[in-house]
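Coordinate inspection notes
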Amino acid sequence: LSLHDALPIYQLRPQLARARTLAHAGLTTAAVNQADSLLRAAEALGEPSLLSDVLVQRGRMAIDRREGPGSADELLTRGYLVALAARLDELAAEALALRLYVRGREAENPARALDELPVATAMVDRLAAPGRLRGLLLNNAGSVAWALGDAGRGAELFREALAVREATLGPDHLEVAYTLVNLAMVTGSDSERTPLMRRALAIFDARLGRAHPQTIE
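Now for a quick tour of the structure.

The rules behind each value
- Residues numbered from 1 in each chain as written.
- Predicted model: local features only at pLDDT ≥ 70, side-chain atom pairs only at ≥ 80, totals over all residues.
- Heavy atoms only, no water.
- Helix = DSSP H or I, 4+ residues; strand = E, 2+ residues; numbered from the N terminus.
- Rg over C-alpha atoms; globule rule 2.2 N^0.38 Å.
- Buried < 20%, exposed > 50% of the residue type's maximum accessible area, 1.4 Å probe, protein only.
- Contact = heavy atoms within 4.5 Å.
- Areas by Shrake-Rupley, 256 points an atom, 1.4 Å probe, with all protein chains shown as cover.
- 1 Å grid on protein atoms, 1.4 Å probe; cavity = no way out; pocket = protein on both sides within 12 Å on 5 of 7 lines; lining within 4 Å.
- Points joined across faces, edges and corners; volume = space filled by probe spheres on them.
- Nonpolar A, V, L, I, M, F, W, Y, C, P; charged D, E, K, R; others polar.
- Phe/Tyr/Trp six-rings, centres within 6.5 Å; stacked < 30°, edge-to-face > 60°.

1. Some thoughts on the overall build of the protein chain
Counting its secondary structure elements, the protein chain contains eleven helices and zero strands. Listed N to C, the secondary structure of the protein chain is α-α-α-α-α-α-α-α-α-α-α in terms of helices and strands. What you see for the protein chain is a C-alpha radius of gyration of 18 Å, in line with the 17 Å of a compact globule of 217 residues. Each principal axis of the C-alpha distribution contributes one length, and for the protein chain these read about 60 × 40 × 35 Å. In the protein chain, which comprises 217 residues, the proportion classed as buried is 47%. For the protein chain, the proportion of contacts with a sequence separation of at least 24, taken over those separated by at least 6, is 56%. Of the accessible surface of the protein chain, which amounts to about 10800 Å², a share of 55% is contributed by carbon and sulfur atoms.

Have a look at this one:
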């Protein structure tokens, strides 16, 4: 791309950061409106790194807002295919890891998500710095196992995800809190569950605030 062609990308990238900031602040409607506007602009521009990034982040928002598996699945599938075609391995792996979670929560056929796991694992393993996405993939694979009724396997995967996320992101990262909540919900021990939830809530309070929708939930 020439500088003239690339200029719109530099103008649009801050808008994606703004959409993420709005979502982080719990202003989900504003975040989605910003992301949808940016998605239309990215589609018109046709630059794959921006387009795939917007699709993946909009897919995350669809998951957080529980828009339904159809919406999130479509966004993440498009993001995966655009990223894969452009050899953007990290974005492609993130889209697959998120889609695995979406398909694992489908009431009709959660086992369908298992079809995603070998490809997603292979894509994450070939990344130069796989830690963040390996934690995401392990966490989401735990959710699939749990949805399929195997709480023991789910707990095992959540513990692996927790170790990876703590090592990669630090002990007080939001992604760590999500895994702590998941692990607390599948564990059969009250003595283990309570400290896990207390630790997760402390992270949510510190990172998002007590009035944030995710903290309240």
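2. Quick notes on the layout of surface pockets
Of the volumes computed, that of the largest pocket is approximately 1800 Å³. In this structure, the largest pocket is lined by 50 residues; those nearest its centre are Arg 60, Ile 63, Asp 64, Tyr 178 and Gln 214. Considering only residue class, the lining of the largest pocket consists of 23 nonpolar, 13 polar and 14 charged. The volume enclosed by the second largest pocket comes to roughly 230 Å³. Lining the second largest pocket we find 17 residues, and of these Leu 117, Leu 138, Ala 141, Arg 153 and Leu 157 sit closest to its centre. Sorting the residues of the lining of the second largest pocket by element identifies helix H6 (117-125), helix H7 (131-147) and helix H8 (151-169) as the ones contributing at least two each. Class assignment for the residues of the lining of the second largest pocket results in twelve nonpolar, one polar and four charged.

3. Some points on the packing of aromatic side chains
Following the criterion strictly, the structure yields two aromatic pairs and no others. On the numbers, 6.5 Å between centres and 85° between planes, the contact of Trp 146 with Phe 158 is edge-to-face. Residue Trp 146 is located in helix H7, and its partner Phe 158 is located in helix H8; the two are separated by twelve residues in the primary sequence. Judged by centre distance (5.6 Å) and plane angle (50°), the rings of Tyr 178 and Phe 204 are tilted. You can see Tyr 178 sitting in helix H9 (residues 174-186) and its partner Phe 204 sitting in helix H10 (residues 190-207), a full 26 residues away along the chain. What makes Tyr 178 partly exposed here is its relative accessible area of 26%. Judged by relative accessible area, which is 6%, Phe 204 ranks as buried.

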